[in-house]
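Letter by letter, the chains look like this.
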Amino acid sequence: MIFPSYFLLSNPLVYNLGLNFAGNQYKTNIATDFMPKFTQEQVDDLNLKIKTTQEVLEWTSENLHPKVAKASSFGAEDAVVMDIMLKINPKFRFFTLDTGRLPQETYDIIDIVRKKYNISIEVLFPNSKEVEDMVNQKGMNLFYDSVENRKLCCEIRKVHPMNQMLSTLDGWITGLRRDQTKNRENVKIFQLDHAHGGILKINPIIDWTWDQIQEYIKKNNLPYNSLLDKGYPSIGCEPCTRAIKPGEDIRAGRWWWEQGGNKECGLHIEP
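Please read all numbers here as calculations on a predicted model, not as lab measurements.

Undergrad: Describe the packing of helix 2 (residues 53-64) against helix 3 (residues 76-88), and please don't skip the residues or the numbers.
TA: Running from N to C, helix 2 and helix 3 cross one another at 55 degrees; their axes reach a closest spacing of 10 Å. Between helix 2 and helix 3, the angle falls in the class oblique. The way helix 2 lies across helix 3 gives a crossing that is right-handed. The segment helix 2 lies against helix 3, with T53, Q54, L57, E58 and S61 engaging V81, I84, M85 and I88. Residue composition of the contact of helix 2 with helix 3, grouped by class: five nonpolar, three polar and one charged.

Here you go:
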């Protein structure tokens, strides 16, 4: 997809082009190796001019690849986004977090997807010393004891390896949708990720509904996590995820023992 010149970001590898957004020039230094910084004005302009999932991912491929990657927990949303991405650019990058506590069904779908699309999936692992110290001090199932312990477990097993990965990128792609939680109601397609050095956070299906996700999977005969057929619309670590009951919110199965509806692991919270 060809966009006007004001959409062309600097080359993520060379950084020797100027940025032209809404008539204002933003120039980068030649031959620098730090991440390009995006201004809020630039991000606002992107949100005004790029609307559809297809356009978002085409723009991302043309302007950020290969220093952009899709974070995947291999839920239903990920199946959709990955399929659309690979139809646009078969060399798009993907990564996942192996916390050490994932369901077997998630490990199964990782291999199924890898073989179907003939792609490499970068698997991130937590620091073994951090995990050992946490478990030895607080127990194997510390997350059931307190919200503080659960957030600590998420931080060590998910947030820390994620931070290391994102420190190498200019942007990352999510499967967030606005109707998942109240915390996500105001999320836009393009965001500045202040928690990760101001890189670009890209949410290409933010406006999709759960019904649209299911319809796309069926229509395109996509491989998906078999836990979805067992009542798991939101999938995380095995001990922290359960099937939902009829009528429950689709995120009700995540950390179900905690009170309140705005529960997050820390990957999508601004500092």
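Undergrad: Any details on unusual backbone geometry? Residues and values, ideally.
TA: The omega torsion of the bond from H65 to P66 falls at 10 degrees, within 30 degrees of zero and hence cis. Among the structural elements, P66 can be located in the loop between helix 2 and strand 3 (68-71). With a phi angle near 55 degrees, N118 is a residue other than glycine that sits in the positive phi range. If you trace the backbone, N118 turns up in the loop between helix 4 (104-117) and strand 5 (121-124). The exposed category is assigned to N118, whose relative accessible area is 70%.

Undergrad: Lay out the packing of aromatic side chains in plain terms, naming residues and giving numbers.
TA: This structure, assessed with the given rule, holds seven aromatic pairs. Taking the centre distance of 4.7 Å and the plane angle of 75 degrees together, the rings of Y144 and W257 count as edge-to-face. Pair noted here: Y144 is in the loop between helix 5 (128-138) and helix 6 (147-166) and W257 is in the segment after helix 7 (210-219), with a separation of 113 residues, a long-range link. Owing to a relative accessible area of 36%, Y144 belongs among the partly exposed residues under this scheme. W257 sits in the partly exposed class, given a relative accessible area of 22%. One aromatic cluster is present, built from ring pairs that chain together F143, Y144, W256 and W257.

Undergrad: Please set out the sheet that holds strand 8 (residues 199-202) residue by residue, giving values where relevant.
TA: Strand pairs in the sheet, formed through backbone hydrogen bonds, run parallel or antiparallel to each other. Read from one edge to the other, the open sheet built from six strands follows the order 5-4-3-6-8-7, with strand pairing classed as mixed. At either end of the open sheet lies a strand with only one pairing partner, and these are strand 5 and strand 7 (190-193). Sheet twist, expressed as the average angle between the axes of neighbouring strands with direction ignored, equals 30 degrees. Here three bridges tie strand 3 to strand 6 (residues 171-173), and the two strands are oriented parallel to one another. Residue pairing across strands places V68 opposite G171, the latter belonging to strand 6. Contacts from helix 3 reach strand 3, strand 4 (93-97) and strand 6, with the element oriented near 150 degrees to strand 3.

Undergrad: Report on the pairing of strand 3, specifying residues and quantitative values.
TA: Along strand 3, one buried face is formed by V68 and K70 and the opposite face, lined by A69 and A71, is buried too. When strand 3 meets strand 4, the two strands line up parallel, connected through three bridges. Counted as the bridge partner of A69 is R93 from strand 4. On the question of chirality, the crossover connecting strand 3 to the parallel strand 4 by way of helix 3 is right-handed.

Undergrad: Summarise the packing of helix 5 against helix 6; cite the residues concerned and give the values.
TA: The packing of two helices is summarised by the inter-axis angle and the distance between the axes. Their axes nearest at 10 Å, the elements helix 5 and helix 6 cross at an angle of 165 degrees. As the angle between them shows, helix 5 and helix 6 are arranged roughly antiparallel. As for the relative orientation of helix 5 and helix 6, their crossing is left-handed in sense. Between helix 5, through E130, V131, M134, V135 and K138, and helix 6, the contact on the second element is made entirely by N149, L152, C153, I156, R157 and H160. Each residue belonging to the contact of helix 5 with helix 6 can be placed in one class, and the counts come to six nonpolar, two polar and three charged.

Undergrad: Report on the side chain of R251, specifying residues and quantitative values.
TA: Its location among the elements puts R251 in the segment after helix 7. For R251, a relative accessible area of 12% gives the class buried. Here S234 takes part through its side chain, which lies 3.4 Å from a polar atom of the side chain of R251.

Definitions and cut-offs
- Residues numbered from 1 in each chain as written.
- Predicted model: local features only at pLDDT ≥ 70, side-chain atom pairs only at ≥ 80, totals over all residues.
- Heavy atoms only, no water.
- Axes fitted to C-alpha atoms, helices over the stretch in contact; angles between N-to-C directions.
- Helix = DSSP H or I, 4+ residues; strand = E, 2+ residues; numbered from the N terminus.
- Parallel < 35°, antiparallel > 145°, perpendicular 65-115°, else oblique.
- Left-handed = near helix turned anticlockwise from the far one by under 90°.
- Contact = heavy atoms within 4.5 Å.
- Nonpolar A, V, L, I, M, F, W, Y, C, P; charged D, E, K, R; others polar.
- Buried < 20%, exposed > 50% of the residue type's maximum accessible area, 1.4 Å probe, protein only.
- Phe/Tyr/Trp six-rings, centres within 6.5 Å; stacked < 30°, edge-to-face > 60°.
- Pairing = 2+ DSSP bridges.
- Right-handed = clockwise from strand over helix to strand, strands pointing away.
- Polar contact = N/O pair within 3.5 Å; in protein donor to acceptor, adjacent residues only side chain to side chain.

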